[in-house]
Amino acid sequence: MDILNWAYKLLKDLNFSHTEALYGNLAVNILMICLVAYILDFISKKLLVVAFGLFAKRTKTSFDDLLVENKTSKYMAHLVPLLFVYHTVPLALKDFLYWEAVFSKCINIFVIFLILWTVRSILHAVKDYLKIQPNYNDKPIDSYIQVIMIVLWIFGGTGMIMLLFNVDIGTLLGTFGAISAIVLLIFKDTILGFVASIQVSVNDMVRIGDWITMEKYGADGDVIEINLATVKVRNFDNTTTTLPTYSLISDSFKNWRGMVNSGGRRIKRHLLIKAGSVHFVTAEELQEYRKIQALVSYIDHRQADIDKYNQQNSADKSLLVNGRNLTNLGLFRKYISHYIETHPAINKDLTMMCRHLQPTEKGIPIEIYAFTSDKRWTNYEYIMADMFDHIIAAVPYFGLEIFELPSDKAFIEA
């Protein structure tokens, strides 16, 4: 304060008028306060940031390291010069009531900003800490942090408006109520995103790391981020698709988490067999089919039942259509079933079957339904291709044909 008294005396000795001297003294006071505040801010940041950094390195927890990374100590260091300014400005402006009120409002507004920045840095540290915890790394933490910050900014903005315009909370809320329609229109996406984030989390619809497919937005890959407004998906071609959070509850999408957590990945694919190639098996053909080792036991057991039935019902076997008979398609389905059941890459604890679907104008669909033990994409595709290579190659051994549309060359040759 000796410097301030010296400056005031110097202005008085220069024969300035009282008003001019007063304003000159005010300028000197403000300048000195700003200079001292800057020095205090510089010193406090250096001391607090360094001290907090050293403390964080010596502790076992990683949370304080995250506080350092998110500059929490830097924001807290601003409190020291702020307290100095808060206490000295009223003394420097005691003869200028209007400017004292203005500066007080500015300081209070800066206090609100500083509190919000500090809280935001702490929340970001909490978010980063939870993301490295096994129990929380797949939860939409970003959405929750954003919701909390939106609420805090609303309260902070309300407080700043009340300080600037000297309005009470009742009047301010009444004004907000009058413009609520405009507010809802402006924050529509935020509100929808907030509701969607809660539903996604409560219903456990999507987690970070889930593989989802959403054809509407071209998304097919792993979820890498869920926040209040958007969900980011890293596709398998290494592109990134951003889709609205609200679309997860308003549109249809496929989540592959159940498959990933299960014991296998499903194979559900069919062959189209020409209906005209299906026929009853004759006795001569049956002898040839007995050469297929996977069918020997089945043919012996099944043919014994058929012969017994035909004898009991006096079936006239001069025509194969009479009584019961084996068919080449039936034997083929049995062969596929045996092949699936003995394949080393198929999970035997899950459903396995070869089924006959509704015939179509393109033939008879014979569908293979099973689950591979290996769920990795490349291995899954290799296993499925290997199985169908074998099955397709086995079709001619049963006197069957696979349906396919003729090529241009076939038309020309015809």
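Along every chain, residues carry numbers that run from 1 in the direction the sequence is written. Confidence filtering applies because this is a predicted model: local features only for residues at pLDDT of at least 70, side-chain atom pairs given and counted only at 80 or more, and all residues used for totals across whole chains, interfaces and linings. With hydrogens and water excluded, all non-hydrogen atoms of the structure serve as input to the side-chain values.

Caption draft 1: Here's a closer look at helix α7 (residues 141–165). Numbering of helices and strands runs from the N terminus, with a helix taken as a DSSP run of H or I at least four residues long and a strand as a DSSP run of E at least two residues long. Multiplying 1.5 Å by the residue count of a helix minus one yields the expected span of that helix. Here α7 contains 25 residues, and its C-alpha end-to-end distance of 36 Å stays within 8% of the 36 Å for a straight helix at 1.5 Å per residue. Of all the residues in α7, the buried ones are Ile141, Asp142, Ser143, Ile145, Val147, Met149, Gly156, Gly157, Thr158, Gly159 and Met160. Backbone geometry just downstream of α7 places Asn166 in the positive-phi region, at approximately 55°. We call a residue buried when its accessible area falls under 20% of the maximum for its residue type, exposed when it is over 50%, and partly exposed in between, using a 1.4 Å probe and counting protein chains only.

Caption draft 2: Local environment of the packing of helix α6 (residues 97–131) against α7. All axes here are fitted lines through C-alpha atoms, helices being fitted over the stretch that makes contact, and every angle between N-to-C directions spans 0 to 180 degrees. Contact pair α6 / α7: the axes reach a minimum separation of 10 Å and the direction vectors enclose 175°. Viewed along their axes, α6 and α7 adopt a mutual orientation that is roughly antiparallel. Any angle between 65 and 115 degrees counts as roughly perpendicular, while under 35 counts as roughly parallel, over 145 as roughly antiparallel, and the rest as oblique.

Caption draft 3: Representation of the packing of aromatic side chains. Working definition: a ring pair exists when centres of Phe, Tyr or Trp rings (six-membered ring for Trp) sit within 6.5 Å. Plane angles under 30 degrees give stacked, over 60 give edge-to-face, the rest tilted. For the structure shown, the criterion picks out 11 aromatic pairs. When the ring of Phe236 is compared with that of Trp377, the centres are 5.3 Å apart and the planes differ by 45°; the resulting orientation is tilted. Taken as a pair, Phe236 in the loop between β3 (230–235) and β4 (240–244) and Trp377 in helix α16 (residues 377–394) lie far apart in primary sequence, 141 residues in all. Among the aromatic side chains, those forming a connected cluster through ring pairs are Tyr75, Phe110, Phe113, Trp117 and Trp153. Of note, Arg265 hangs over the ring of Tyr380, and the distance from its end group to the ring centre comes to 4.3 Å. Sitting over a ring, as applied to charges here, requires NZ of Lys or CZ of Arg to be within 6 Å of the ring centre and within 35 degrees of the ring normal.

Caption draft 4: Summary view of the nonpolar core. Of all hydrophobic cores here, the largest spans 35 residues; its most connected members are Ile267, Leu331, Phe332, Ile336 and Phe398. Looking at this core, the elements with two or more residues in it are β6 (265–273), α13 (283–289), α14 (296–312), α15 (328–342), β8 (364–372) and α16. In this structure, Val200, Val206, Ile212 and Val231 belong to the second largest nonpolar core, which totals 12 residues. Only buried residues count toward a nonpolar core, which is a set of Ala, Val, Leu, Ile, Met, Phe, Trp, Tyr and Cys residues joined through side-chain atoms within 4.5 Å.

Caption draft 5: Structural context of the sheet that holds strand β5 (residues 254–255). The antiparallel open sheet is built from five strands, whose spatial order is β4-β3-β2-β1-β5. Two strands lie at the open edges of the sheet, namely β4 and β5, each paired on one side alone. Only when DSSP finds a minimum of two bridges between them are two strands counted as paired. Pairing between β3 and β4: five bridges, direction antiparallel. Following the sheet pairing, Thr230 is matched in β4 by Pro244.

Caption draft 6: A look at the pattern of salt bridges. The salt bridge definition used is simple: a Lys or Arg side-chain nitrogen within 4 Å of an Asp or Glu carboxyl oxygen. Across all of its chains, the model carries nine salt bridges by this definition. Connected through salt bridges with shared partners, the residues Lys268, Arg355 and Glu367 form a single ionic network.

Caption draft 7: Representation of the environment of Ile340 within the structure. Note that Ile340 resides in helix α15. Taking the C-alpha atoms as reference, Ile340 lies 7.2 Å from Met352; in sequence the two are 12 residues apart. Apart from residues lying up to four places away in sequence, Ile340 is in contact with Ile346, Lys348, Met352, Met353, Ile368, Ala370 and Met387. The contact definition used throughout considers only heavy atoms, calling two residues in contact when any of these lie within 4.5 Å.

Caption draft 8: Structural detail: the pairing of β3. Going residue by residue along β3, you find Val231, Val233 and Asn235 tucked away on one face and Thr230, Lys232 and Arg234 left uncovered on the opposite face. Between strand β2 (residues 219–226) and β3, which pair antiparallel in sequence order, lie three residues. Linking β3 to β4, which pair antiparallel, is a turn of four residues; within it Asn238 sits at a positive phi near 70°.

Caption draft 9: Local environment of unusual backbone geometry. Located in the positive-phi region is Asn238, a residue other than glycine, with phi close to 70°. Along the polypeptide, Asn238 turns up in the loop between β3 and β4. Residue class for Asn238 comes out exposed when judged on its relative accessible area of 65%. With phi around 50°, Ser314 is a residue other than glycine that occupies positive phi space. In this fold, Ser314 is placed in the loop between α14 and α15.

Caption draft 10: The arrangement of the sheet that holds β8 in detail. Ordered by their spatial adjacency, three strands build an open sheet running β6-β8-β7, and the pairing between neighbours is antiparallel. Single-partner strands in this sheet number two, and they are β6 and β7 (353–356). Looking at each pair of strands side by side, their axes are set apart by 20° on average, direction ignored. The pairing of β7 with β8 spans four bridges and is antiparallel. The residue of β8 that forms the bridge with Met353 is Tyr369. Along the sheet, α15 contacts β6, β7 and β8; its crossing angle with β8, the most-contacted strand, is approximately 10°. On top of the sheet, α16 reaches β6 and β8; it is set at about 25° to β6, its chief contact.

Caption draft 11: Spotlight on the environment of Val395. Among the secondary structure elements, Val395 is positioned in the loop between α16 and α17 (408–413). Among the residues examined, Val395 registers a relative accessible area of 2% and is labelled buried. In this structure the C-alpha to C-alpha distance between Val395 and Leu329, which are 66 residues apart in sequence, comes to 9.4 Å.

Caption draft 12: Inspection of α6 at higher detail. When the terminal C-alpha atoms of α6 are compared, their 51 Å separation across 35 residues agrees well with the 51 Å that a helix rising 1.5 Å per residue should span. The complete set of buried residues in α6 reads Glu100, Ile107, Ile109, Ile112, Leu114, Leu116, Thr118, Ser121, Leu123, Ala125 and Lys127. Tucked inside the fold, the buried residues of α6 contact α3 (63–69), α4 (72–77), α5 (79–92) and α7.

Caption draft 13: Looking closely at a nonpolar patch on the surface. On the surface, Leu35, Tyr38, Ile39, Phe42, Ile43 and Leu47 cluster together to form a nonpolar patch covering roughly 630 Å² of accessible area. Here Leu47 lies in helix α2 (residues 18–58). Each patch is built from residues lacking any salt bridge and having more than 30% relative accessible area; the joining distance is 9 Å for like charges and 5 Å for nonpolar side chains (Val, Leu, Ile, Met, Phe, Trp, Tyr). Values of accessible area rely on a 1.4 Å probe in the Shrake-Rupley scheme; residue burial ignores everything except the protein chains shown.

Caption draft 14: Geometry of the confidence of the model for the chain. One number per residue, pLDDT, summarises how confident the predictor is, and it ranges from 0 to 100. Residues of the chain with pLDDT of at least 70 account for 86%, and the chain-wide mean is 82. Contacts from residues 14–18, a stretch scored under 50 in pLDDT, to residues over four places away or in other chains number two contacts.

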